[in-house]
Amino acid sequence: DAGVTQSPTHLIKTRGQHVTLRCSPISGHKSVSWYQQVLGQGPQFIFQYYEKEERGRGNFPDRFSARQFPNYSSELNVNALLLGDSALYLCASSFGILNTGELFFGEGSRLTVL
Amino acid sequence: AQSVTQLDSQVPVFEEAPVELRCNYSSSVSVYLFWYVQYPNQGLQLLLKYLSGSTLVESINGFEAEFNKSQTSFHLRKPSVHISDTAEYFCAVTPISGGYNKLIFGAGTRLAVHP
């Protein structure tokens, strides 16, 4: 079975540009979460989507947005990129919304902002 | 709000030696606790979790962690490590009454097992 897949795996952007990252959850999983992992730090929660609705949001500016599609895949969008947005962006899926279950993570999209 | 502190950023150890990776958390509400592992060039994988019941939880590959509520700790231990245990280990918590699946992670501990 395919795990959580993310694309692209690596990308380079310049300040002020926009980026879209994509995530396909494990088949049957209805929840997708996004995390930002800056080098040397643990992942930080950005969003959780469940059944195409935003169910949770972390402490990130409005430049960060996301959506979930009817097939439960998801996109993370970041506008007006800053140098500090350089990070590994992780997508995680789970069957439900509650916090007792296991999160399944993809390998991430590594974004470098120059 | 919750926070997680992993007391060691790096832990070098020889193969077959015991290891302990320390994790302390701060929270004004009750939390669930997790350890995730990230092998090189891979995504994070759940290693073990504490939801309720026995305070000692075990993983299938020999790791164990003990929840200590009074010391707000959830240290990870293994009596004898292998080269294949080399990875980054993350401790995480989530509020029990959070209503959604938000994990608060520590900064990670890099375990390096040497022959």
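Residues numbered from 1 in each chain as written. Chains lettered and ligands numbered in written order. Predicted model: local features only at pLDDT ≥ 70, side-chain atom pairs only at ≥ 80, totals over all residues. Heavy atoms only, no water.

> Where do I start with the nonpolar core in this structure?
Nonpolar side chains in soluble globular proteins generally cluster together in the buried interior. Grouped together as the largest cluster of nonpolar side chains are 29 residues, with contacts concentrated most on Leu33, Trp35, Leu47, Leu48, Phe74, Leu76 and Tyr89 of chain B. In this structure Leu33 of chain B touches Tyr25, Leu48, Lys49, Tyr50, Phe67, Phe74, Ala92 and Val93 of chain B, once residues within four positions along its chain are discounted. Val4, Val19, Ile26 and Tyr49 of chain A belong to the second largest nonpolar core, which has 22 residues in total. (Core = buried A, V, L, I, M, F, W, Y, C linked by side-chain atoms within 4.5 Å. Buried < 20%, exposed > 50% of the residue type's maximum accessible area, 1.4 Å probe, protein only. Contact = heavy atoms within 4.5 Å.)

> Would you mind going over the packing of aromatic side chains with me for this structure?
Any two aromatic rings considered together are summarised by their centre-to-centre distance and by the angle between their planes. One pass over the structure, following the stated rule, counts 13 aromatic pairs over all chains. Plain terms: the ring middles of Phe90 of chain B and Phe105 of chain B are 6.2 Å apart, the flat faces sit at 90° to each other, and that makes the pair edge-to-face. Taken as a pair, Phe90 of chain B in strand E10 (residues 87-95) and Phe105 of chain B in strand E11 (residues 104-105) lie far apart in primary sequence, 15 residues in all. Looking at Phe105 of chain B, the relative accessible area reads 9%, which means it is buried. An aromatic cluster is defined as three or more aromatic residues linked by ring pairs; in this entry it consists of Tyr35, Phe45 and Phe105 of chain A together with Phe34, Tyr36, Phe90 and Phe105 of chain B. (Phe/Tyr/Trp six-rings, centres within 6.5 Å; stacked < 30°, edge-to-face > 60°. Helix = DSSP H or I, 4+ residues; strand = E, 2+ residues; numbered from the N terminus.)

> Sorry if this is basic, but what is going on with the interface of chain B and chain A here?
One frequent convention defines the size of an interface as the accessible area lost when the parts assemble. Contacts between the two partners involve 24 residues from chain B, matched on the other side by 25 residues from chain A. Of the roughly 1,800 Å² buried where chain B meets chain A, counting both sides, 54% is carbon and sulfur surface. For chain B, the biggest contributors to the area lost against chain A are Leu44, Tyr100 and Asn101 of chain B; these three give 35% of the whole. There are 0 salt bridges connecting chain B and chain A. Remark: the boundary between chain B and chain A carries 2 residue pairs in polar contact (both at pLDDT 80 or more). Elements represented by at least two residues in the side of chain B that touches chain A include exactly strand E5 (31-38), strand E6 (44-50) and E10 of chain B. (Buried area = accessible area lost by both parts, 1.4 Å probe. Salt bridge = Lys/Arg side-chain N within 4 Å of Asp/Glu carboxyl O. Polar contact = N/O pair within 3.5 Å; in protein donor to acceptor, adjacent residues only side chain to side chain.)

> Just checking my understanding: could you explain the sheet that holds strand E3 (residues 19-24) of chain A for this structure?
Backbone-to-backbone hydrogen bonds join strands into a sheet, with any given pair of strands oriented parallel or antiparallel. All names here are of chain A. With respect to topology, 4 strands assemble into an open sheet ordered E1-E3-E8-E7, the strand pairing being antiparallel. Taken across any chain shown, the strands that pair with only one partner, and hence form the sheet edges, are strand E1 (5-7) and strand E7 (64-68). Each strand axis lies, on average, 15° off the axis of its neighbour in the sheet, ignoring direction. Where E1 and E3 come together, 3 bridges link them in antiparallel fashion. Residue pairing across strands places Thr5 opposite Ser24, the latter belonging to E3. (Pairing = 2+ DSSP bridges. Axes fitted to C-alpha atoms, helices over the stretch in contact; angles between N-to-C directions.)

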